[in-house]
Amino acid sequence: GQMVFQPPDQFSFFDPGFSPPGALGATELVSPESEVMTMSSITGITNGFFSLNTWGLVHAGNGWGTYLTKVAPVGDTSSSVGYVTYNAAGEDIYARIDDLSTLLTAGRLSPENKQVLAEAHSHFSQNYGPDRGDRVLIELLSTSPEFHTSNTLRKTGLPRALTPQPNSTSSDYKAIVYVDLFGGADSFNILTPHPDGGCYLYDDYFAARGGEKGIGLTTDDMNPINGSSAGIPGCTKMGVHKKLSAYKDIFDEGAGIFFSNMGHLHKPVHKGNWITETQTDLFSHTSMKRESHRVDAFLEASGPGVLGRMLDILQDDGYVVAATSMDRKAQMIDGDPKTGRLADVVSSSGPRTIYEREFMNWRDGTDQLRPYLEEVHSETVENAGMFGNMWSQTFLDVWNKAETLTRSLKETRLLTEFTSRTDVGDINKSLRIVAEMIVGRNKRIDGLNRDVFYIQLRGFDHHMEVKQGLDLSLPSLNAGLKNFWNEIKAQGIQNQVLVIQGSEFGRTVSPNSNSGSDHGWGGNYFIFGGDVKGGQIFGEYPRSFSEADPTNIGRGRVMPTTSWEALWYGVNQWFGIDIPSDIETVIPNSRNFGCSVLYSDTDLFHSGTGTVAGCGGPTFTTEVNFNLAEPRYLTGEEQKLICDLAVDISADRLSEGEDDIRCYISDQTIIETADGGYIVTGEAELNFDYTINENKLNAGLAQKITKTAESFASDFVVAGATPVSEAPSVSPSSRPPSLTPPPISPPTDVPTTAAPTKSPIIFVDPGSATQEYCKSFTDKKACDLTIPSCEWDQRFKGTCYLTGTVPDKDTCITNNKPCPPPPNQCCTGTCDETLDRCN
């Protein structure tokens, strides 16, 4: 009887951090098992118990068990593989209810619900016979909150209100449909080099995939597309798997974009540092699915899924939003539990309403059971059973929503026949239902503005016979997407709909011994829609498939050069999230990629007008250095906090917004000093927005900013660090990173991820500071703390100057030369006023 719960992944793990909407989410408690509380599972288990009590274990009335060619009469259990035989003991109905309460709820059935059951039994027994009364008694009890939770409940005596729908708005409508090829699709057999025109890369690809007896595509296996936008010298065409002709057609139509070699990243990495700089359990279905759904490498966001967080922002802005997953729950569309919004799970065979053959049958118009069900789930007092309250509220909400959705789909007429010769994974059925929900959106929810849908097509873990596996799965995907595209065009809403096809990871380019491919990293993915600036290939497709290629990390695994954030940045803007701080709330790690690998909506969509905040202006690369007692790299959290300090300081120095400045640490080196210590050096890249006056920016300022950040970080961020001297008294000897253990996490006995609770920076009004005030500071750290009034200059034996009065190199006077006029001073000594010379 557990199949209705559809475990979230193939390992049947619940997300340990899951917190359901409502009171539990508001208190920040977690309830992993509450992941199963979806529309399809609640209606499914309710119908299952009703069917079990009516026909036994058979698949009748959405029940459990063997399928019947003809539904048996009510009460006929002769075709079942098992049925309920227990008869409650007791002289009267109240005693029998007590007996059932002991058996099924450990005696926790509330007095109010006992009374509801007694009244229902009396009504149905008198009007339809004692056997019907007994059946209804079990059915009502099987839906009760006491049966499904371990709480005891106290009722208020009032009916329970449905969770209210948000008020409708006049804003436009947009929808995102995410199609997830679960298992790790072999996407280097979806987008491949094409041999036409003598493309050198095709031969390299075909050889790497095993040659004639390998797993690579031949010319006959692919359709050509214009590949010039991929920027591969000598390769003007690329190939698309022939079973995905819809991709070629949409691409050629100018409505589709391929993203090449994209995947989960913490930051831009290369062959020398990807192990150190990547904290995820790569190549695992569970972890990489989670990363592709969250797009939150450092767990900084308030909601678990990227699409869910987008809806959180929009809902807060007054949009009416909805999230729907087909067949199974998806973390991607879950938002912050505090919003109270519950994502719907709808079966690919259509939404299921609660169904009782005789007394709640929409086909016959019978509804006698409804008032008793509503009373079982009536309002409870606030502090009486949080889980029971959650069950009843969710039960009534999804029951009402399922009925509304069923009616709206029946009233919606599509213009396209969703035909498909095969329908692996019910992908064509799922896309048809999504199309019906989009077309009939206002019948589902009045004034709906933003819709997100998640569809998972399983079966792409091709460790064996990958070519044959794709040949079996892709035709169904192709037919479904082709039908869906034709339908939204026929409805004239193609500019309002975006389809994203992804997978948790790519696969190895090199084959295994079973003619399959194994778990990889980077992959090639596709988006399309009427507003998409299609006909392009974004990202950096590998220039070689040999082991020597910079993206090949061994065993044919390709390291991604484009992050998930690169896609989602522009998608956020297109969906209506254009404030940089809101985008950062949705994809909080986007700043960790600088400016080179993020796409704005202007890049991706015809209607786009946005830019990537903090980009377009000058870029400066400086060093940050830390003395450490042990050889280790800066953790990802430490790097981000150092950059947060640098952005904070930059914004104050320049009187600009923090959104206009970006920072990330691109690479690290460990140096062993002569005294047995270690210095870790990071290259900090500072990016500035194109709107910032370039006259305010220079390399010297960038260096001062990062050095100030380094100083603060030594005290508050980097565990066990001390500042590095500007002029070390010993000559360090280089220690190659490969010789240093690359710990992914900092030492567990020292907290490193917490930022200082109170900034040590001293903010002084520049108009009130004086040269004498600044020169009173005799060390660099004290001078740099006075942001933005004073600044340190190491050249003059280390002097603190009033900001803007540091002598440049042309006014730096050497020994035995005349003293310069104030405020300048001698470079290496003091001015002898008697002799008027520099000593």
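Here the structure is a predicted model, which is why all the values come from computation and not from measurement. As a convention, each chain's residues are numbered from 1 in the sequence order in which they are written. Under the rules for a predicted model, residues below a pLDDT of 70 receive no local features and side-chain atom pairs below 80 are neither given nor counted, while totals for whole chains, interfaces and linings still include all residues. Just so you know, side-chain values use all the structure's heavy atoms and leave hydrogens and water out.

J.: Quick rundown of the environment of Asn-261? Include the residues and the values.
T.: Here a strand is any run of E in DSSP of at least two residues, a helix any run of H or I of at least four, and the numbering for each starts at the N terminus. Residue placement: Asn-261 occurs in strand β7 (residues 256-263). Relative accessibility thresholds used throughout: buried, under 20% of the residue-type maximum; exposed, over 50%; partly exposed, between the two (1.4 Å probe, protein chains only). Judged by its relative accessible area of 0%, Asn-261 falls in the buried class. Counting along the chain gives 301 residues from Asn-261 to Thr-562, while the straight-line C-alpha distance between them is 6.3 Å. A contact between two residues is defined here by any heavy atoms of the two lying within 4.5 Å. Not counting chain neighbours up to four residues away, the residues in contact with Asn-261 comprise Gly-522, Gly-523, Asn-524, Glu-540, Pro-542, Thr-551, Val-558, Met-559, Pro-560, Thr-561 and Thr-562.

J.: Residue-level account of the side chain of Thr-43, with values.
T.: Here Thr-43 lies in helix α2 (residues 39-55). Residue classification places Thr-43 among the buried residues on the basis of a relative accessible area of 0%. For this analysis, a polar contact is any N or O atom pair within 3.5 Å, provided that within protein one partner can donate a hydrogen and the other can accept it, and provided that sequence-adjacent residues contribute only side-chain to side-chain pairs. Side-chain polar atoms of Thr-43 contact the backbone oxygen of Met-39, separated by 2.8 Å. Those residues in contact with Thr-43 that sit more than four places away from it in its chain are Arg-352, Ile-354 and Ala-402.

J.: Go over the nonpolar core, please, and point to the residues and values.
T.: Note on soluble globular proteins: their nonpolar side chains tend to be buried together. What we call a nonpolar core is a set of buried Ala, Val, Leu, Ile, Met, Phe, Trp, Tyr and Cys residues that are connected through their side-chain atoms within 4.5 Å. Formed by 101 residues in total, the largest nonpolar core has its most connected members in Val-177, Ile-438, Leu-477 and Phe-484. Broken down by element, this core gets its largest block of residues, 9 residues, from helix α13 (residues 386-411). Discounting residues that sit within four places of it in the chain, Leu-477 has contacts with Val-179, Leu-181, Leu-244, Tyr-247, Ile-427 and Leu-457. Of all hydrophobic cores here, the second largest spans 46 residues; its members include Val-321, Ile-333, Val-532 and Phe-605.

J.: Now, about unusual backbone geometry: what can you tell me, with residues and values included?
T.: A positive phi angle, close to 50°, is found at Asn-261, a residue other than glycine. Positive phi values are uncommon outside glycine, yet Asp-327 reaches one of about 75°. Relative accessible area serves as the criterion here: at 19%, Asp-327 is assigned to the buried category.

J.: Residues and numbers for a nonpolar patch on the surface, please.
T.: Only residues whose relative accessible area exceeds 30% and that form no salt bridge enter a patch; like-charged residues are grouped when within 9 Å of one another, and nonpolar side chains (Val, Leu, Ile, Met, Phe, Trp, Tyr) when within 5 Å. Calculation of accessible area relied on Shrake-Rupley with a 1.4 Å probe; when residues are assessed, cover is drawn exclusively from the protein chains displayed. The term salt bridge refers to a side-chain nitrogen of Lys or Arg lying within 4 Å of a carboxyl oxygen of Asp or Glu. On the surface, Leu-29, Met-386 and Phe-387 cluster together into a nonpolar patch covering about 240 Å² of accessible area. The residue Leu-29 is located in the loop between α1 (23-26) and α2 in this model.

J.: Quick one: what's the story with the environment of His-264, residue by residue and with numbers?
T.: Relative to the assigned elements, His-264 resides in the loop between β7 and α9 (274-277). Apart from residues lying up to four places away in sequence, His-264 is in contact with Thr-280, Met-288, Glu-291, Ala-297, Trp-521, Pro-560 and Trp-564. Looking at His-264, its side chain comes within polar contact range of the side chain of His-266, at 3.5 Å.

J.: Describe the state of the cysteines, and please don't skip the residues or the numbers.
T.: Note that a disulfide, as used here, is simply two cysteine sulfur atoms within 2.5 Å. Going through the model one piece at a time under the given rule, you end up with 3 disulfides. Bridging Cys-595 to Cys-615, the disulfide has an S-S length of 1.9 Å. The S-S bond linking Cys-595 to Cys-615 shows a torsion near -90°; that makes this disulfide left-handed. Residue Cys-595 is found in the loop between α18 (580-586) and α19 (601-604), and its partner Cys-615 is found in the loop between α19 and β15 (616-628); the two are separated by 20 residues along the sequence. Take Cys-615: its relative accessible area is 9%, and that puts it in the buried class. There is a disulfide in this structure between Cys-643 and Cys-663, and the S-S distance comes to 2.1 Å.

J.: How would you explain the packing of helix α11 (residues 306-316) against helix α17 (residues 564-575) if you had to name every residue and give the values?
T.: Viewed as axis vectors pointing N to C, α11 and α17 meet at an angle of 30°, and their least axial separation amounts to 11 Å. For the pair α11 and α17, the crossing hand works out as right-handed. Here Val-306, Leu-307, Met-310, Leu-311 and Leu-314 of α11 come into contact with α17, specifically with Trp-568, Val-571, Asn-572 and Phe-575. Of the residues belonging to the contact of α11 with α17, the class tally is 8 nonpolar, 1 polar and no charged. Think of each axis as a best-fit line through the C-alpha atoms, taken over the contacting stretch in the case of a helix, with angles from 0 to 180 degrees between the N-to-C directions. By convention the crossing between two helices is left-handed if the near helix lies anticlockwise of the far one by an angle smaller than a right angle, and right-handed if it lies clockwise. Side-chain classes are defined by residue name, with Ala, Val, Leu, Ile, Met, Phe, Trp, Tyr, Cys and Pro counting as nonpolar, Asp, Glu, Lys and Arg as charged, and the others, Gly among them, as polar.

J.: Before we move on, could you go through the packing of aromatic side chains and cite the residues and values that matter?
T.: Paired rings are identified among Phe, Tyr and Trp, the last through its six-membered ring, by centres lying within 6.5 Å, and are further divided according to the angle between planes into stacked (under 30 degrees), edge-to-face (over 60) and tilted (the rest). Inspection of the entire model under this criterion finds 30 aromatic pairs. Taken together, a centroid distance of 5.8 Å and an interplanar angle of 70° make the contact between Phe-259 and Tyr-599 edge-to-face. Placement of Phe-259 in strand β7 and of Tyr-599 in the loop between α18 and α19 is noted, with a sequence separation of 340 residues between them. Each member of the pair, Phe-259 as well as Tyr-599, is classed as buried. Put simply, the rings of Phe-188, Tyr-202, Tyr-205, Phe-206, Tyr-541 and Phe-545 pair up and form one aromatic cluster.

J.: Lay out the packing of α2 against helix α5 (residues 130-143) in plain terms, naming residues and giving numbers.
T.: Orientation of α2 relative to α5, taken along the N-to-C sense of each, is 155°, at an axis distance of 10 Å. Classified by the angle their axes make, α2 and α5 are roughly antiparallel. Every pair of crossing elements has a handedness; the one defined by α2 and α5 is right-handed. Across the interface between the two elements, Thr-46, Phe-49, Phe-50, Asn-53 and Thr-54 from α2 touch Arg-135, Ile-138, Glu-139, Ser-142 and Thr-143 from α5. Counted by class, the contact of α2 with α5 contains 3 nonpolar, 5 polar and 2 charged residues. Here the angle decides the label: under 35 degrees means roughly parallel, over 145 means roughly antiparallel, 65 to 115 means roughly perpendicular, and every other value means oblique.

J.: Mind laying out the environment of Ala-161, listing which residues take part and the relevant values?
T.: Following the sequence through the fold, Ala-161 ends up in the loop between α6 (145-148) and β3 (174-181). Relative accessible area serves as the criterion here: at 54%, Ala-161 is assigned to the exposed category.

J.: I'd like a description of helix α14 (residues 427-439), backed by residues and values.
T.: Helix span is expected to be 1.5 Å times the residue number reduced by one. Between the first and last C-alpha of α14 there are 18 Å, a value that for 13 residues agrees with the 18 Å anticipated at 1.5 Å per step. Of all 13 residues that make up α14, 10 are buried, and the element is covered over most of its length. Taken residue by residue, α14 has Ile-427, Asn-428, Ser-430, Leu-431, Ile-433, Val-434, Ala-435, Glu-436, Met-437 and Ile-438 as its buried positions.

J.: So what's going on with the sheet that holds strand β5 (residues 222-226)? Which residues, and what values?
T.: Spatial ordering of the open sheet is given by β4-β6-β5, a layout of 3 strands whose pairing is antiparallel. Strand pairing shows two members of the sheet lacking a second neighbour, β4 (191-193) and β5, which therefore form its edges. For this sheet, the mean angle separating the axes of adjacent strands, direction not counted, is 40°. In this scheme, strands are said to pair when DSSP sees at least two bridges between them. Two strands pair when backbone bridges link them, and β4 and strand β6 (residues 237-241) are joined in this way by 3 bridges, in the antiparallel orientation. From the neighbouring strand, Leu-191 faces β6, where its bridge partner is Val-240. Across the face of the sheet, helix α8 (residues 245-252) comes into contact with β5 and β6 while running at roughly 15° to β5.

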